[in-house]
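Listed here are the chains, written in short residue letters.
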Amino acid sequence: DAGITQSPRHKVTETGTPVTLRCHQTENHRYMYWYRQDPGHGLRLIHYSYGVKDTDKGEVSDGYSVSRSKTEDFLLTLESATSSQTSVYFCAISDAASGGPSTDTQYFGPGTRLTVL
Amino acid sequence: GIQVEQSPPDLILQEGANSTLRCNFSDSVNNLQWFHQNPWGQLINLFYIPSGTKQNGRLSATTVATERYSLLYISSSQTTDSGVYFCAVCLGNTPLVFGKGTRLSVIA
């Protein structure tokens, strides 16, 4: 199994509070991703990173920000959580042996279940 | 962007039966992967298969890139095969786009 951990694994918070989720990898992979999974929508990309301090938006980035100050850590922040952000959040990693995220296998972390009341 | 459609959306099998899951995509791709999400939520990569055929035990996958589809075959299904199977594709330096999955239930 790829060395990917997510913390916390479960969190309950209130509307309007800031929340930060952490993804940590031990594989030294270049690419890291944050997805959310909701019933009827499958997996949707929030943000991704292609290197330290290099990030880009995904399909559902509104209300989320990310930071990557070290290769191994990718943080997802909800500045002011809303009930619509209740979801399961997955981190994933991939390497790019020959130039881009399209060239390599992607591995997922165990997920974080976030409930916003 | 690329559209990914998976069929069937739901499938119920008796243990020991075989099944075929399909993934259609709307544009050329150079990356296609199949994932299994088990009932506990864990997502496991099954195949990286942008073209051709691969086999891993009772599972095999075939991608016909020119016709824009991929098939995942499960033979002699077991209850542990239950869960949701996702297909994901991309082209170039873009992130994967996921289909909505096929939910498989294998009954003993």
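For the structure itself, consult the block above.
Small disclaimer: the values here were computed from a predicted structure and weren't measured.

K.L.:
Can you walk me through the overall build of chain A in this structure?
P.N.:
In terms of regular secondary structure, chain A is built from zero helices and eleven strands. Its helices and strands in sequence order give chain A the pattern β-β-β-β-β-β-β-β-β-β-β, from N to C terminus. Its C-alpha atoms give chain A a radius of gyration of 14 Å, within 12% of the compact-globule value 13 Å for 117 residues. Its C-alpha atoms give chain A principal-axis dimensions of about 45 × 30 × 25 Å. Here chain A holds 117 residues, and the buried ones make up 50% of them.

K.L.:
Can you walk me through the sheet that holds strand β1 (residues 4-7) of chain A in this structure?
P.N.:
Where strands meet in a sheet, backbone hydrogen bonds hold them as pairs that are either parallel or antiparallel. All names here are of chain A. One open sheet accounts for four strands, arranged β1-β3-β8-β7; its pairing is antiparallel. Each edge of the open sheet carries a strand with a single partner, namely β1 and β7 (64-70). Adjacent strand axes in the sheet meet at a mean angle of 20°, parallel and antiparallel pairs treated alike. With six bridges joining them, strand β3 (residues 19-25) and strand β8 (residues 73-78) adopt antiparallel strand pairing. Opposite Leu-21, over in β8, you have Leu-76 as the bridge partner.

K.L.:
How should unusual backbone geometry be read in this particular structure?
P.N.:
Trans peptide bonds make up most of the peptide bonds, and negative phi angles are found at most residues other than glycine. Along the chain, Ser7(A) connects to Pro8(A) via a cis peptide bond; the corresponding omega equals -10°. In this fold, Pro8(A) is placed in the loop between β1 and β2 (10-13). Across the junction of Ser7(B) and Pro8(B), the peptide omega takes the value -10°, indicating a cis bond. Looking at where Pro8(B) falls in the secondary structure, it is placed in the loop between β1 (4-7) and β2 (10-14). Phi is positive for Lys53(A), close to 70°, though the residue is something other than glycine. By the element assignment, Lys53(A) lies in the loop between β5 (42-51) and β6 (54-57). Lys53(A) sits in the exposed class, given a relative accessible area of 66%. Look at Ser76(B): it is not a glycine, yet its phi comes out positive at around 45°.

K.L.:
It is not clear to me how the nonpolar core should be interpreted in this structure. Could you clarify?
P.N.:
In terms of nonpolar packing, the biggest core is built from 22 residues, with Trp34(B), Leu72(B) and Val89(B) touching the most fellow members. Elements with a contribution of two residues or more to this core: β2, β3 (19-25), β4 (31-37), β5 (43-48), β7 (59-64), β8 (69-74), β9 (83-90) and β11 (102-107) of chain B. The next biggest cluster of nonpolar side chains, apart from the first, holds 19 residues, and it includes Val19(A), Leu21(A), Tyr89(A) and Val116(A).

K.L.:
Would you mind going over the state of the cysteines with me for this structure?
P.N.:
What makes a disulfide is a covalent bond joining the sulfur atoms belonging to two cysteines. All names here are of chain B. Per the counting criterion, the structure on display carries two disulfides over all chains. One disulfide in the model links Cys-23 with Cys-87; its S-S distance is 2.0 Å. Judged by the sign of its S-S torsion, about -60°, the cystine formed by Cys-23 and Cys-87 is left-handed. Remark: Cys-87 occurs in strand β9 and Cys-23 occurs in strand β3; sequence separation between them is 64 residues. Residues Cys-23 and Cys-87 agree in their burial class; the two are buried. Cys-90 takes part in no disulfide bond, and the closest cysteine sulfur to it belongs to Cys-87, at a distance of 11 Å. Overall, Cys-90 belongs to the buried group, its relative accessible area being 1%.

K.L.:
Can you walk me through the pairing of β7(B) in this structure?
P.N.:
It is a general feature of regular strands that their side chains alternate between the two faces of the sheet. Residue and element names in this part refer to chain B. Across the six residues of β7, five count as buried, placing the element largely inside the fold. Hairpin geometry of strand β6 (residues 52-56) and β7 is characterised by an intervening segment of two residues between the two adjacent antiparallel strands and by a positive phi of about 65° at Gly-57. Note that β7 and β8 share six bridges and pair antiparallel. Looking across to β8, one finds that Ala-61 is bridged to Leu-72. Hairpin connection of β7 to β8: four residues between the antiparallel strands, including Arg-68 at a positive phi of 60°.

What counts, and where the lines are drawn
Residues numbered from 1 in each chain as written. Chains lettered and ligands numbered in written order. Predicted model: local features only at pLDDT ≥ 70, side-chain atom pairs only at ≥ 80, totals over all residues. Heavy atoms only, no water. Helix = DSSP H or I, 4+ residues; strand = E, 2+ residues; numbered from the N terminus. Rg over C-alpha atoms; globule rule 2.2 N^0.38 Å. Buried < 20%, exposed > 50% of the residue type's maximum accessible area, 1.4 Å probe, protein only. Pairing = 2+ DSSP bridges. Axes fitted to C-alpha atoms, helices over the stretch in contact; angles between N-to-C directions. Core = buried A, V, L, I, M, F, W, Y, C linked by side-chain atoms within 4.5 Å. Disulfide = S-S within 2.5 Å.

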